[in-house]
Amino acid sequence: MLYSAAEQAYREVKELILSGGLPGGELISEGEIAGRMGLSRTPVREAFLRLEAEGWMRLYPKRGALVVPVADGEAEHVVDARQLVETHSVQVLADQPHARQLLVARLRENLAEQRDIAARGDVAAFSAADADFHRMIVEAGENPLLATFYSSIRERQRRMTAHSITRDPGQLPRIIADHQQLTELVEAGDAAGFDAAVLVHMRQVHALNPRGVAR
């Protein structure tokens, strides 16, 4: 698919933000990105304005664009929202063995993909596969409103995961092991077990203290 120069710049810069290629707190310039992408400054300026409107950047005239860091408390809020929505889907599937089997087959395919990506050490691709794993669980609950809501936080989830893996690449095998456990809990229709396990998984990945433990 062919994109306009502005759309190309927007997609590429946003992907760099979500994958950790442009970390939060980094100040970048239109000229720097234009040179990196082989574009003129005009489409890059348009992309920056669009990313600012979405909350990913903060523009400072004559100084550049600041990649907005993850806000204080944002990780906690994203984890809480994900836990509620994912567990709800597993509860819905608890008395639908055929639907569970279909989901488990898809999750296992995704797990195989995660293992391949982890072997390559591709953080951006792994964060996307990780987000897809959890999205499949939500969509299997067949509640379009919850699925749409979950999609709205997928980008925040990707960025958080990429940051966590970059900070500690040793997490990759642990994340895959957690996903294997979650798949087994889905297969068993164990919503309570899934609820507890997915919370521990997410809080460990994102280096959040166990609930109830002071920082």
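Residues numbered from 1 in each chain as written. Predicted model: local features only at pLDDT ≥ 70, side-chain atom pairs only at ≥ 80, totals over all residues. Heavy atoms only, no water.

The protein chain appears in an unreviewed UniProt entry as GntR family transcriptional regulator from Rhodococcus pseudokoreensis.

Draft legend 1. Region of the structure containing the overall build of the protein chain. Of the regular secondary structure elements, the protein chain holds nine helices and three strands. In terms of overall size, the protein chain behaves like a compact globule, its C-alpha atoms giving a radius of gyration of 19 Å where 215 residues would be expected to give roughly 17 Å. Seen through its principal axes, the protein chain has C-alpha atoms that stretch 60 × 45 × 35 Å. Buried residues in the protein chain amount to 44% of all 215 residues. (Helix = DSSP H or I, 4+ residues; strand = E, 2+ residues; numbered from the N terminus. Rg over C-alpha atoms; globule rule 2.2 N^0.38 Å. Buried < 20%, exposed > 50% of the residue type's maximum accessible area, 1.4 Å probe, protein only.)

Draft legend 2. Focus on the sheet that holds strand S1 (residues 27-28). Overall, antiparallel pairing links the three strands, which are arranged S1-S3-S2 in an open sheet. Two strands bound the open sheet, and with one partner strand each, they are S1 and strand S2 (57-60). Summarising the sheet, S1 and strand S3 (residues 64-67) pair through two bridges and their orientation is antiparallel. Pairing of Leu27 across the sheet is with Leu66, part of S3. (Pairing = 2+ DSSP bridges.)

Draft legend 3. How the structure looks around the nonpolar core. Core analysis: the largest hydrophobic core is formed by 32 residues, its most contacted members being Leu103, Phe126 and Phe194. Those elements that place two or more of their residues in this core are helix H4 (74-93), helix H5 (97-120), helix H6 (123-140), helix H7 (144-167), helix H8 (171-188) and helix H9 (191-205). Among the elements that take part in this core, H9 stands out by supplying seven residues, more than any other. Judged by nonpolar contacts, the second largest core, of 20 residues, contains Ile17, Ile28, Ala34 and Ala65. (Core = buried A, V, L, I, M, F, W, Y, C linked by side-chain atoms within 4.5 Å.)

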